[in-house]
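Summary of the model geometry
Chain by chain, the residues:
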Amino acid sequence: MKPVLAVERLEKRYGVKTVVDQVSFTAAAGECLGIIGPNGAGKTTLFNLLDGCVAPNAGRVMLDDVDITHLPQYRRARRGIGRAFQIPRPFAGLTVFENVLAGVVHGADRSTAPQRRAIEILEAVGLAHKRDLLAGGLPLLDRKRLELAKAMSVGTRLLLLDEVAGGLTEHEVHQLVDIVNALKRDHAVIWIEHIAHALMAAADRIMVLHFGAKLVEGPPADVMASAIVQEVYLGISVDVAADR
Ligand SMILES: Nc1ncnc2c1ncn2[C@@H]1O[C@H](COP(=O)(O)OP(=O)(O)OP(=O)(O)O)[C@@H](O)[C@H]1O
Ligand SMILES: [Mg+2]
């Protein structure tokens, strides 16, 4: 399948430090690409480069074959890039429905009436029955559901999820995984997550970042079992060069 996103040799430096180092990958609709890597590996910075809140020093970001590397953030959103953060930041004084509607009316998708589309999105994340509640009063899992809904609201084709399972109970993590697995039918999903079993249950491929560079990419079970990942995560000494 043709990728929605193609990233080519993307690079970000802060001073002398290279935080994202020549990273290339693709993401297609119908799949979830998982990203793991130690703290400070450059995962969130990579998302900042994709959604446009930070400019790269080199490399290209292609969305649907269009070069968006230098487009501002709001125009990328209108082209279908939505992002969910670890700590949900809803408009606390608006209702659940209004939070999603705000994204829909600012997005570019006019195929469905905005109110109808907002309800469809809330149904997809299991929050339609709470549409009239104030967002500020929701419990954590529902705030996560709303964070996903907001990320989907702009006519989203590429969904960026940054550690959205953080802070949830085991049972809630399973519920979130079910939602992500449903969402990836209509979206290209990229999910950064430290909770490995959650990622294993949703990702079709996993990419490992280490010191800003892509260390390895492949099927989740192969990547997690690889000697190089054992080395980076567990400190088990192996011949890293041989595994590369
Ligand atoms: N604006 C900035 N100025 C300078 N350095 C920065 C800036 N933003 C990020 N960094 C550095 O870039 C590196 C990568 O940070 P980033 O937040 O992308 O890591 P991460 O992989 O998301 O980590 P975590 O797993 O903790 O979320 C870190 O060393 C961080 O200190
Ligand atoms: Mg991060």
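These numbers were taken from a predicted model, which means no experiment stands behind them.

1. Some remarks on the site of ligand 1
- Surveying the vicinity of ligand 1 reveals 13 residues, the closest of which are Lys17, Gly40, Lys43, Thr44 and Thr45.
- Considering ligand 1 on its own, with 640 Å² of exposed area, one finds that the protein chains cover 60% of that surface.
- Secondary structure elements with two or more residues in the shell around ligand 1: β2 (17–28) and α1 (43–51).
- Each residue belonging to the shell around ligand 1 can be placed in one class, and the counts come to four nonpolar, six polar and three charged.

2. Section: the environment of Leu160
- Looking at where Leu160 falls in the secondary structure, it is placed in strand β7 (residues 158–162).
- For the pair Leu160 and Gly103, spaced 57 residues apart in sequence, the C-alpha separation works out to 15 Å.
- Residues within four places of Leu160 in sequence aside, it is in contact with Phe47, Leu50, Asp51, Ile81, Gly82, Arg83, Ala84 and Ile190.

3. Some remarks on the layout of surface pockets
- Computed from the structure, the largest pocket encloses a volume of approximately 640 Å³.
- What lines the largest pocket is a set of 22 residues, and nearest its centre among them are Ala77, Arg83, Lys150, Ser153 and Val154.
- Taken together, the elements giving at least two residues each to the lining of the largest pocket come down to α2 (73–78), β6 (81–84), α3 (96–106) and α5 (140–152).
- Top contributing element to the lining of the largest pocket by residue count: α2, with five residues.
- For the lining of the largest pocket, the two domains that each supply at least three residues are domain 1 (1–80 + 157–173 + 181–244) and domain 2 (86–155).

4. Some remarks on the environment of Pro114
- Inspection of the secondary structure assignment puts Pro114 in helix α4 (residues 114–124).
- Each C-alpha atom of the pair Pro114 and Val104 lies 6.0 Å from the other, and the pair is 10 residues apart in sequence.
- Aside from chain neighbours lying at most four places away, what touches Pro114 is Leu101, Val104 and Val105.

About the thresholds
- Numbering of residues begins from 1 in every chain and follows the order in which that chain's sequence is written.
- Labels are handed out in written order, letters beginning with A for the chains and numbers beginning with 1 for the ligands.
- Owing to the predicted nature of the model, reporting of local features is limited to residues with pLDDT of at least 70; listing and counting of side-chain atom pairs is limited to 80 or more, with chain, interface and lining totals taken over all residues.
- Excluding hydrogens and water, the side-chain values take into account all heavy atoms of the structure.
- Proximity is defined per residue: any heavy atom of the residue falling within 4 Å of a molecule or strand makes that residue near it.
- Here the open area of atoms and residues is found with the Shrake-Rupley method and a 1.4 Å probe, where only the protein chains shown may cover a residue.
- Secondary structure elements follow DSSP: runs of H or I of four or more residues count as helices, runs of E of two or more count as strands, with numbering from the N terminus.
- Gly is put with the polar residues, along with every residue not named as nonpolar or charged; the nonpolar set is Ala, Val, Leu, Ile, Met, Phe, Trp, Tyr, Cys and Pro, and the charged set is Asp, Glu, Lys and Arg.
- What makes two residues a contact is simply this: any of their non-hydrogen atoms within 4.5 Å.
- Note on definitions: the grid is 1 Å and covers protein atoms alone; a cavity is a set of points where a 1.4 Å probe fits but cannot get out; a pocket is an open set with protein on both sides within 12 Å along at least five of seven lines; lining residues have an atom within 4 Å of a point.
- Grid points are joined across faces, edges and corners, and a volume is the space filled by probe spheres set on the points.
- Each domain's extent was defined by an automatic or database domain assignment.

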